[in-house]
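One letter stands for each residue in the lines below.
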Amino acid sequence: MSRDLVKAAKDAVINGDEEAAAVVANEAISSGIDLFRLIDDGLTAGMTDIGEQFAKEEISLPYVMIAAQAMTTAMDILEPHLPVKEGKKGKVIIGTIEGDIHDIGKSIVATMLRINGFEVFDLGRDVPVETFIEKAREMDADIIATSTLMTTTMMGQKLIEEKLSAAGLRAKVKTMVGGAPVNKEWAQRIGADAYGENAMDAVTIANELL
């Protein structure tokens, strides 16, 4: 049953079917399956698939937005039922790089970090590099986490590394990158501390970084 719901969640996102996404979310809650698995292997996997199709120019932006709305619908239903761990582990600044308006993956990571005990400051989407640096200084942040769905905005993640160094914050603030076109090799190339493949991976890595 749980495997069927996970697949149904992924299909709902890929098809941009909000109604189906809502049904799956409610069924998952009623059935008592692992909601984190549903999010990771179902909803997030579906959005990753959409991101890859967009990066290859197989689908246009409207399809991405429709898929993102289906995922948001499911997450709005699931989030109140996700167990929250008490205590604050560290401060995380998170956002989508300037020039990129896609924020669903980033939002899922932010949610998962919050329920796992991190204090998260979500800057939203299309965020200038300077804003990440200013917010990290203002909040005395431990981690800056950035996402991008587009290859054209990946360089913003590299600029953050450079700006952190110029501001004298690089030794203190850890950096984590993610997004459909991003991989471990890119993280190493730009000098980021870590690469998060998905939401649960991001939580594990954030714990390790601190």
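See above for the structure.
All chains use their own residue numbering, which begins from 1 and follows the written sequence. Side-chain atom pairs in this predicted model are given and counted only at pLDDT of 80 or more, local residue features only at pLDDT of at least 70, and totals for whole chains, interfaces and linings cover all residues. Hydrogens are left out, water is left out, and the side-chain values use all remaining heavy atoms of the structure.

J.: What's the story with the sheet that holds strand β4 (residues 174–178) in this structure? I'm lost.
T.: Hydrogen bonds between backbone groups are what pair the strands of a sheet, and the pairing can be parallel or antiparallel. Strand order in the open sheet made by the five strands is β2-β1-β3-β4-β5, with parallel pairing throughout. In this open sheet, the two strands that pair with only one neighbour each are β2 (119–122) and β5 (194–195). As paired elements, β4 and β5 share two bridges and run parallel to each other. Each bridged residue has a counterpart across the sheet, and for Val-177 the counterpart in β5 is Tyr-195. Any two residues whose heavy atoms approach within 4.5 Å are treated as being in contact. Axes, fitted as lines to C-alpha atoms, cover a helix only where it is in contact. Angles between the N-to-C directions of the axes lie from 0 to 180 degrees. In this description a helix means any DSSP run of H or I spanning at least four residues, a strand means any run of E spanning at least two, and both kinds are numbered starting from the N terminus. Here helix α5 (residues 104–115) sits on the sheet and contacts β1 (91–96), β2 and β3 (143–147); the angle it forms with β2, its principal contact strand, is near 160°. Packed on one face of the sheet, helix α9 (residues 199–209) meets β3, β4 and β5 and runs near 165° to β4. Note: two strands are recorded as paired if DSSP finds a minimum of 2 bridges between them.

J.: It is not clear to me how the environment of Leu-78 should be interpreted in this structure. Could you clarify?
T.: You can see Leu-78 is positioned in helix α4 (residues 61–78). For the pair Leu-78 and Ala-199, spaced 121 residues apart in sequence, the C-alpha separation works out to 15 Å. Once you skip the residues sitting within four places of it in the chain, Leu-78 turns out to touch Ala-25, Ile-29, Leu-35, Leu-38, Ile-39 and Leu-43.

J.: What is the right way to look at the pairing of β2 in this model?
T.: Regular strands place their side chains on alternate faces of the sheet. Where β1 and β2 come together, four bridges link them in parallel fashion. Bridging across to β2, Ile-93 finds its partner in Phe-121. For crossovers, right-handed means that the path from the first strand over the helix to the second runs clockwise, given strands pointing away from the viewer. At this point the chain moves from β1, through α5, to the parallel β2, and the crossover so formed is right-handed.

J.: Is there a simple way to explain the pattern of salt bridges in this structure?
T.: Close approach of charged atoms lets side chains of opposite charge pair. We define a salt bridge as a side-chain nitrogen of Lys or Arg found within 4 Å of a carboxyl oxygen belonging to Asp or Glu. The tally for this structure, following the rule as stated, stands at nine salt bridges. With a shortest N-O distance of 2.9 Å, Lys-172 and Asp-140 are connected by a salt bridge. Taken together, the residues span a long stretch of sequence, with Lys-172 in the loop between α7 (155–166) and β4 and Asp-140 in the loop between α6 (129–139) and β3 at a distance of 32 residues. When accessible area is computed with a 1.4 Å probe and restricted to protein chains, residues below 20% of their type maximum are described as buried, those above 50% as exposed, and intermediate ones as partly exposed. Looking at Asp-140, the relative accessible area reads 45%, which means it is partly exposed. Connected through salt bridges with shared partners, the residues Glu-161, Arg-170 and Asp-193 form a single ionic network.

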